Amino acid sequence: MKPRSMIIGTGHYVPSRILTNADLEKIVDTSNDWIVERTGIHERHIKADDENTSDMCIKAGERALQQSGLTAKDLDMIIIGTVTGDMRFPATAIFVQSGLGAVNAAALDISAACSGFLYGLVLADGLIASGKYRYILVIGSESLTNMTNWEDRNTCVLFGDGAGAAVVTASDGTRGIISSYLGADGTLAKLLWAPGGGTANPISHEMIDKKLHLLHMAGKEVFLHAVKAMCDAALKALSLAEMSPDDIDLLIPHQANIRIIEATGKRLGIPKEKVYVNIDRFGNTSSASVPIAIDEARRNGILKPGMTCLTVVFGGGFTWASVVIKF
Ligand SMILES: CC(C)(COP(=O)(O)OP(=O)(O)OC[C@H]1O[C@@H](n2cnc3c(N)ncnc32)[C@H](O)[C@@H]1OP(=O)(O)O)[C@@H](O)C(=O)NCCC(=O)NCCS
């Protein structure tokens, strides 16, 4: 398949405040050894109280625009993957549009949990292929620590905040998105969700007392589904690209748990040195995880021009996605 659109700039932002495993030892009954061994996480970044998801998006977006050589006025669409937006409405993308001064851009959010960035990237690819959009800013950003139950050691050690962004435009024919695959299974939604605050469980004192507005997760089940779905999605995207795992220079998987990352790489037969890992420093930043990793890998020289990258993600819903990109 011929590339249709390509990434011409990336950027990321994480808040300055760091929460270490030692800090968490003071909050819940856990230990640095348990967290490192079972998740691979050493520390994560936590947003400031007065910092919004849109603020993180704007900083990541500005960095991506700077690298692309464009200005915000060049954008004709902003797509943000987030489930922890500033407000229930309007979309967080609206505040990013005004914050960046992207006066010519339409703006919308996508709710696909950790898969939000790749869902957005695939949507951008299609919009560019339609010929109606030229420059699209896709951002994944999450303030999951805002819906974390800090009394639940099963979940509170896992998540961090941040944003990652990419500017996408039509391919030059040699680089870009070669193939993609999206999937979902709504029958498993309750294994990872925050069920309060919407129409199903409207805001009430009772709902808040039951902590339904916070994140609930069946960790073991999520783990097993994540490995299977990420491998399946990766193989489907590779097959659409008429490629095998051997053709991949760098695997950028969702950073949810080092054991999920390692199991995915192993099942795909991609050696460890070709798998990008930064979960130790950021934890699971949900929809921000993949674009933060892409930007970091580009800036530190691990992801070089000409490389073929396989990126794959799994998230609440369940949702999953995989994209093969030549950089
Ligand atoms: C959450 C997760 C790290 C738990 O690891 P696990 O190896 O599956 O651990 P288990 O759930 O089997 O729990 C093992 C024990 O550790 C305990 N435990 C859980 N969290 C702990 C913590 N932070 N510190 C210490 N002990 C903990 C459990 O209570 C359990 O104790 P018990 O046997 O006395 O009941 C792991 O299941 C996971 O990463 N799941 C996927 C999560 C994810 O990626 N979510 C987002 C998807 S996008």
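Along each chain, residues carry numbers from 1 onward, in the same order as the chain's sequence is written. Reporting in this predicted model follows two pLDDT cut-offs: at least 70 for local features of residues, and 80 or more for side-chain atom pairs to be given and counted; totals over whole chains, interfaces and linings ignore these cut-offs and use all residues.

1. Re the sheet that holds strand β11 (residues 250-253)
Here's step 1: What the four strands build is an open sheet, ordered β8-β13-β12-β11; its pairing is mixed. A strand with exactly one partner marks an edge of an open sheet, and here the two such strands are β8 (176-184) and β11. Averaged over all pairs of adjacent strands, the angle between their axes in this sheet comes to 10°, without regard to strand direction.
Here's step 2: Strands qualify as paired when DSSP identifies two bridges or more between them. Starting at the N terminus, helices and strands are each numbered in turn, a helix being any DSSP run of H or I of at least four residues and a strand any DSSP run of E of at least two. Two strands pair when backbone bridges link them, and strand β12 (residues 308-315) and strand β13 (residues 319-326) are joined in this way by eight bridges, in the antiparallel orientation. Paired with G315 across the bridge in β13 is T319. Every angle, taken between N-to-C directions, lies between 0 and 180 degrees, and every axis is a line fitted to C-alpha atoms, over only the stretch in contact when it is a helix.

2. With respect to the site of the ligand
Here's step 1: Near the ligand, the surroundings consist of 21 residues, among which T30, G219, F223, A256 and N257 are the closest.
Here's step 2: Looking at the shell around the ligand, the elements with two or more residues in it are α2 (32-39), α6 (153-156), α8 (219-240) and β12.
Here's step 3: Among the elements that line the shell around the ligand, the one with the most residues is α8, at five residues.
Here's step 4: In this count, Pro and Cys sit with the nonpolar residues alongside Ala, Val, Leu, Ile, Met, Phe, Trp and Tyr, while Asp, Glu, Lys and Arg are called charged and the others, Gly among them, polar. Class assignment of the residues belonging to the shell around the ligand gives a composition of eleven nonpolar, seven polar and three charged.
Here's step 5: Either an automatic procedure or a domain database provided the assignment from which the domain bounds are taken. When residues are assigned to domains, the shell around the ligand turns out to be shared by domain 1 (5-174) and domain 2 (178-326), each giving three or more. We call a residue near a molecule or strand if the C-beta atom, set from the backbone, is within 6 Å of it.

3. Considering the domain arrangement of the chain
Here's step 1: Under the domain assignment used here, the chain contains domain 1 (5-174) and domain 2 (178-326).
Here's step 2: Placing a centre on the C-alpha atoms of domain 1 and another on those of domain 2 gives a separation of 14 Å.
Here's step 3: Residues are defined as contacting one another if the C-beta atoms placed from their backbone atoms lie within 7 Å. With 43 residues of domain 1 in contact, the opposing surface of domain 2 contributes 42 residues.
Here's step 4: Put simply, the parts of the chain that give the side of domain 1 that touches domain 2 at least two residues each are β1 (5-13), β3 (43-45), α5 (116-129), β6 (136-142), α6 and β7 (162-170).
Here's step 5: Broken down by element, the side of domain 1 that touches domain 2 gets its largest block of residues, seven residues, from α5.
Here's step 6: For the side of domain 1 that touches domain 2, the residue count by class is 18 nonpolar, 20 polar and five charged.

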